[in-house]
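Now for the letters of each chain:
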Amino acid sequence: ALDGQAVFKNSFKREFHVAKAPLMPSWHNPLIIGLDFARHPAAVLSQVDGYGRFSVFKEVDSGGNMGIERFVNELLYPALMHERFRGMQYFAVGDPSGADRGQIGEESVFQALKRLGIPAYPASSNRIEPRIRAVEKFLLQQRDGGPAFLIDPSCKLLIEGFQSRYRYKVRPNGQLDD
């Protein structure tokens, strides 16, 4: 049974997928901001380079109990203004539920992001199986003799998640829990 097992235990290898030194983005390709919403927003600043390698440069974690507008203004924008990323083009991709309008106002998370100056789009699916397959596709491949998925060593939460914290949870009916 998968219940409790690390999702990427057979595909993520720290010594292979974590860079030995800080990664630098290419100015030729836009940054992809992977976003998670709710009251614990988080983001990764990533990029696909000219070789088709997916690199994660930075993680931005709210620590919890923060709305998306405050997260963008206080944490995400300062990260994007760091000298490593300043002036680069970027766009965000997030959970499709971010297209739903809020219970209090009429604005969705994606509309709020666009209002704040961040082009944002919903991911094609929120189903767990295609999401895992998409990540494993990169984890299990190589580019130019190196990993097709590379993480900056500063991304401690992400690395810990890949190693052990991101685990399967199986519902009583046997299906994977999202």
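Quick caveat: nothing in here was measured; it's all calculated off a predicted structure. (Residues numbered from 1 in each chain as written. Predicted model: local features only at pLDDT ≥ 70, side-chain atom pairs only at ≥ 80, totals over all residues. Heavy atoms only, no water.)

J.: Please set out the side chain of Gln47 residue by residue, giving values where relevant.
T.: When you line up the elements, Gln47 lands in strand β2 (residues 42–48). Overall, the relative accessible area of 2% leaves Gln47 in the buried class. Within the structure, Gln47 has its side chain in polar contact with the backbone oxygen of Ser26 (distance 2.7 Å). Polar side-chain contacts of Gln47 include one of 2.6 Å to the backbone oxygen of Asn29. Beyond its immediate sequence surroundings of up to four residues, Gln47 is in contact with Pro25, Ser26, Asn29, Pro30, Ile32, Arg53, Phe54, Ser55, Phe57 and Met88. (Helix = DSSP H or I, 4+ residues; strand = E, 2+ residues; numbered from the N terminus. Buried < 20%, exposed > 50% of the residue type's maximum accessible area, 1.4 Å probe, protein only. Polar contact = N/O pair within 3.5 Å; in protein donor to acceptor, adjacent residues only side chain to side chain. Contact = heavy atoms within 4.5 Å.)

J.: Can you lay out the packing of aromatic side chains for me, pointing to particular residues and giving the numbers?
T.: Applying the stated criterion to the full structure yields eight aromatic pairs. Ring plane angle 45 degrees and centroid distance 5.7 Å describe the contact between Phe54 and Phe138, whose orientation is recorded as tilted. Taken together, the positions of Phe54 in strand β3 (residues 54–61) and Phe138 in helix α4 (residues 128–139) put the pair 84 residues apart, joining distant regions of the chain. Among the residues examined, Phe54 registers a relative accessible area of 18% and is labelled buried. Each ring, one from Phe54 and one from Phe149, has its centre 5.4 Å from the other, and the planes form 20 degrees; the classification is stacked. Highlighted residues: Phe54 in strand β3 and Phe149 in strand β8 (residues 149–151), separated in sequence by 95 residues. Through a chain of ring-to-ring contacts, three or more aromatic side chains come together here, namely Phe8, Phe12, Phe54, Phe138, Phe149 and Phe162. (Phe/Tyr/Trp six-rings, centres within 6.5 Å; stacked < 30°, edge-to-face > 60°.)

J.: Hey, could you go over the pairing of strand β4 (residues 90–94) for me, with residue numbers and the actual values?
T.: Because side chains alternate across β4, one face comprises the buried residues Tyr90, Ala92 and Gly94, and the other comprises Phe91 and Val93, none of which is buried. Across five bridges, the pairing between strand β1 (residues 31–36) and β4 is parallel. Paired with Ile33 across the bridge in β4 is Ala92. (Pairing = 2+ DSSP bridges.)

J.: I'd love a proper account of the layout of surface pockets, names of residues and values included.
T.: Computed from the structure, the largest pocket encloses a volume of approximately 1700 Å³. Around the largest pocket, the lining comprises 39 residues; the ones closest to its centre are Gly34, Val44, Arg131, Val135 and Leu158. Counting residues per element, the ones that place at least two in the lining of the largest pocket are β1, β2, β3, β4, α4 and α5 (156–165). The residue inventory of the lining of the largest pocket, partitioned by class, reads 23 nonpolar, eight polar and eight charged. (1 Å grid on protein atoms, 1.4 Å probe; cavity = no way out; pocket = protein on both sides within 12 Å on 5 of 7 lines; lining within 4 Å. Points joined across faces, edges and corners; volume = space filled by probe spheres on them. Nonpolar A, V, L, I, M, F, W, Y, C, P; charged D, E, K, R; others polar.)

J.: Pulling in residues and values, what's your account of the environment of Pro147?
T.: Along the chain, the position of Pro147 falls in strand β7 (residues 146–147). Remark: the alpha-carbon pair of Pro147 and Arg86, spanning 61 residues in sequence, is separated by 26 Å. In this structure Pro147 touches Phe16, His17, Arg53, Gln141 and Gln142, once residues within four positions along its chain are discounted.

J.: Can you break down the nonpolar core residue by residue, with the values?
T.: Judged by nonpolar contacts, the single largest core of 29 residues is most densely connected at Ile33, Leu76, Leu113 and Ile118. Elements with a minimum of two residues in this core: β1, β2, β3, α2 (68–80), β4 and α3 (109–115). Ranked by the residues each element gives to this core, the list is headed by α2, at seven residues. Within the second largest apolar cluster, 17 residues are counted, among which are Val18, Phe138, Leu139 and Cys155. (Core = buried A, V, L, I, M, F, W, Y, C linked by side-chain atoms within 4.5 Å.)

J.: Would you mind going over the sheet that holds strand β5 (residues 120–122) in detail, with residue names and values included?
T.: An order of β5-β4-β1-β2-β3-β8 is seen for the six strands of this open sheet, with the pairing classed as mixed. Looking at strand neighbours, the two that pair on one side only are β5 and β8, the edges of this open sheet. This sheet shows a mean twist of 30 degrees between the axes of neighbouring strands, independent of strand direction. Note that β1 and β2 share five bridges and pair antiparallel. Its bridge partner lying in β2, Ile33 is registered against Leu45. (Axes fitted to C-alpha atoms, helices over the stretch in contact; angles between N-to-C directions.)

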